[in-house]
Amino acid sequence: MRRRILALLPWLALCAVPLLTNGYSQYIINLILVNVTVITGLNFLLGYAGQFSFSHAALMGIGAYTAALLSARVGISFWIGLPLAGVASAAIGLLAAISAMRLKRVYLALVTVAFAELLVWVLNNWRAVTLGTDGVNLPVPSLFGWDVDGDKRVFYVVLACTATMWWLARRILESHIGRAFIAIRENEILAQCNGINVPLTKSLVFAMSAFYAGIGGALFALVLGFIVPASFGLLTLVTQFSAVVLGGPLNLAGGAIGALLLTALPEVLRDFQGLQEVIYGVVLIVCVVVMPGGIAGLLQHLGVLPAEALARHWRRLPTPAAPPSAADGTP
Amino acid sequence: MTPATLIVAGLANGSIYALVALALVLIYKTQDVINFGQGEILMVGGFVGYSVLEYTHVPYPLALLAAVVAGGALGAAIERTALRRVAEQHHITLAMVTVGFSVLIKGVARLPFGSDIYTFPAVLSSAPVSIAGAEMSPQSLITVAVALVVALLLFLFFRLTPAGKQMQATQQNLTGARIVGINPGRVFSMTWALAAAIGALTGVLAAPLALLYPDMGSDFLLKGFAAAVLGGLESVPGAMVGGFIVGIIEMLFGGYISTSAQQISSFIVIIAVLLIRPYGLFGRRPVHRV
């Protein structure tokens, strides 16, 4: 119980952040929180379950467009559109995953590349519904008469959602489902032999990851107030990959660290796309080759960051019943 | 546009996709990883050829040679500096490294060239020739011819040279290759150099037909994916045939449906192949080994 209260403290401390910020820094902080949700979702897939998918940014776009279009063109409240955005992304993400699941694993990457391009193409070209490159304005949502306008008010909504999603992620990863993800990452056949339903678990991780992307996308629409298809392309995806790899795959805190470090970068280097790409490229290569645990792995190694709860439980097991290599957190 | 013209134009583009697919297949077979940087290697080839032609005014074959050498060196460098260190790790690690290089190369190209679009001069700018009632520019003709020659040379390389046989051995059985004294590191470097040299050559061929800009790679990569998937991902002739088919389908889509549908023809090919015949036209049904 005491640990749970302690775990709540950082989130409570975050509630005081708007006292210290101006409009722009508040906007950046909101974006960071949105990215924490999005990258947590990608971390499930890429870090924990070891599935290489290129559709995360596009699925985030599906979420953003679902929430924004429902609100702007159909008149459904954002508070209903937000969960619907997650569900829509999850459904579409599953579609891609299931079609690729029956095949050799390398096809998954290929299918998701094609799928992501196709989704962005639809957002650009299905003008009758998505308004194409003109973009969509999200009307200011209102909660029981409290208008969520201005970055500081948006912050509390985003904070509440991020905290919920974070809590949910922890619960899932500490359960047997989280272990099944890691087992699949390490060895699918071995996982199957241990009674894990591999296709079902893979579908689950795809749906969950896409759900996070969808919720993140809807929150992204809320923070920006205006979305265009170009926000969900290749560069966004590369940013997300870099955040996972830099922060530390196989670590929830790592995703948050990655989001924290890399969200501001596109803002600072807005006019220098080449430089941004060089940085992402170097981050991806260097982290993967030299520092596979990312920053979180490094901090854990130094003893600054406690090991993940998942790993703690595992170490307490009397016999090496669990896949042994998953416990040390390195791929 | 008559169907014959569309098909002939499709052959020219298709030979470029075939070469991209060929390079992808080479690397996939040796290292079991898709090279997501192949499109950017193509772009590098295009820009090296362009810069050499523009600033030194040497004859065209020399510019081509410079691009091929630069591409080969780039490929070997990618393998030696990064991939070799993670060669035995989780497949995600390898794929992530190639994604990293893809972004890095694109960024580096953007630093001097910006996001502008450059036009690459055609090798021969004479009047189009007529083949079987279809008009074809000499540039397209050269492209198709070069693609076929490259495929033939590759075939001979694998059949006749010791290096080619070592590569094949490593592709078939890494441990076995090690036992008989093949240095897999050298083979990996050679494969990457070869694939990247083909990539750079493709870039020089593609640049006059398409446009030259730092983002040009991803489009060719996707078409190359489609071609490789159609060919079964493990077969060199499959990649060639797949490339030509993807090129022709793309032109037919553009000619009979719409130009915006042309952009997604390759995705439709990928998805259709995976639904109907997932191991491709030339691939074998996969076997699961424990």
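Residues numbered from 1 in each chain as written. Chains lettered and ligands numbered in written order. Predicted model: local features only at pLDDT ≥ 70, side-chain atom pairs only at ≥ 80, totals over all residues. Heavy atoms only, no water.

Trainee: When you look at the pattern of salt bridges in this model, what are you seeing that I'm missing?
Mentor: Pairing of side chains with opposite charge becomes possible as their charged atoms draw close. This model, assessed by the stated rule, comprises 9 salt bridges over all chains. Among the charged side chains, a network of salt bridges with common partners joins E277 of chain A together with K106, R110 and D215 of chain B. (Salt bridge = Lys/Arg side-chain N within 4 Å of Asp/Glu carboxyl O.)

Trainee: What am I meant to see in a nonpolar patch on the surface here?
Mentor: There is a patch of nonpolar side chains on the surface, built from V149, L152, L153, F155, L156 and L160 of chain B and spanning about 590 Å² of accessible area. Topologically, L152 of chain B is positioned in helix 5 (residues 138-160). (Patch = residues over 30% accessible without salt bridge, like charges linked within 9 Å, V, L, I, M, F, W, Y side chains within 5 Å. Areas by Shrake-Rupley, 256 points an atom, 1.4 Å probe, with all protein chains shown as cover. Helix = DSSP H or I, 4+ residues; strand = E, 2+ residues; numbered from the N terminus.)

Trainee: How do you make sense of the interface of chain B and chain A when you look at a structure like this?
Mentor: Frequently, the measure chosen for interface size is the accessible area that the parts lose on association. At the junction of the two partners, chain B supplies 46 residues and chain A supplies 38 residues. Roughly 3800 Å² is buried in total at the junction of chain B and chain A, and carbon and sulfur atoms are behind 78% of that figure. Viewed at the interface, chain A and chain B are joined by 1 salt bridge. Put simply, E277 of chain A and R110 of chain B hold a salt bridge, and the shortest N to O gap is 2.8 Å. At the junction of chain B with chain A, the criterion picks out 1 residue pair in polar contact (both at pLDDT 80 or more). Looking at the side of chain B that touches chain A, the elements that each hand over two or more residues are helix 3 (60-86), helix 4 (91-113), helix 9 (216-231) and helix 11 (259-276) of chain B. If you tally residues by element for the side of chain B that touches chain A, the top one is helix 4 of chain B, at 16 residues. (Contact = heavy atoms within 4.5 Å. Buried area = accessible area lost by both parts, 1.4 Å probe. Polar contact = N/O pair within 3.5 Å; in protein donor to acceptor, adjacent residues only side chain to side chain.)

Trainee: Got a minute to help me understand the domain arrangement of chain A in this structure?
Mentor: All names here are of chain A. On domain assignment, one finds that chain A holds domain 1 (24-232) and domain 2 (233-308). Using only C-alpha atoms to locate each centre, domain 1 and domain 2 end up separated by 19 Å. Contacts between the two partners involve 31 residues from domain 1, matched on the other side by 21 residues from domain 2. Here domain 1 meets domain 2 over a buried area of about 2200 Å², counting both sides, of which 72% is carbon and sulfur. Where domain 1 touches domain 2, the interface holds 0 salt bridges. For the side of domain 1 that touches domain 2, the elements supplying multiple residues, two or more each, are helix 2 (23-48), helix 3 (56-74), helix 7 (151-174) and helix 8 (176-186). Top element by residues in the side of domain 1 that touches domain 2 is helix 2. It accounts for 15 residues. Of the residues that constitute the side of domain 1 that touches domain 2, the class distribution is 22 nonpolar, 7 polar and 2 charged. (Domains from an automatic or database assignment. Nonpolar A, V, L, I, M, F, W, Y, C, P; charged D, E, K, R; others polar.)

Trainee: Could you clarify how one ought to interpret unusual backbone geometry in this entry?
Mentor: Negative phi characterises most residues that are not glycine, and trans characterises most peptide bonds. Residue and element names in this part refer to chain B. Look at D32: it is not a glycine, yet its phi comes out positive at around 60°. With respect to the helices and strands, D32 occurs in the loop between helix 1 (3-31) and helix 2 (38-56). With a phi close to 70°, L233 is a non-glycine residue in the positive phi region. Position of L233 relative to the elements: it lies in the loop between helix 9 and helix 10 (236-256). The buried category is assigned to L233, whose relative accessible area is 3%. (Buried < 20%, exposed > 50% of the residue type's maximum accessible area, 1.4 Å probe, protein only.)

Trainee: How do you make sense of the side chain of T143 of chain B when you look at a structure like this?
Mentor: Residue and element names in this part refer to chain B. With respect to the helices and strands, the residue T143 is situated in helix 5. Overall, T143 belongs to the buried group, its relative accessible area being 1%. Leaving out residues up to four positions away in the same chain, T143 has contacts with A12, S15, I16, L205 and L209.

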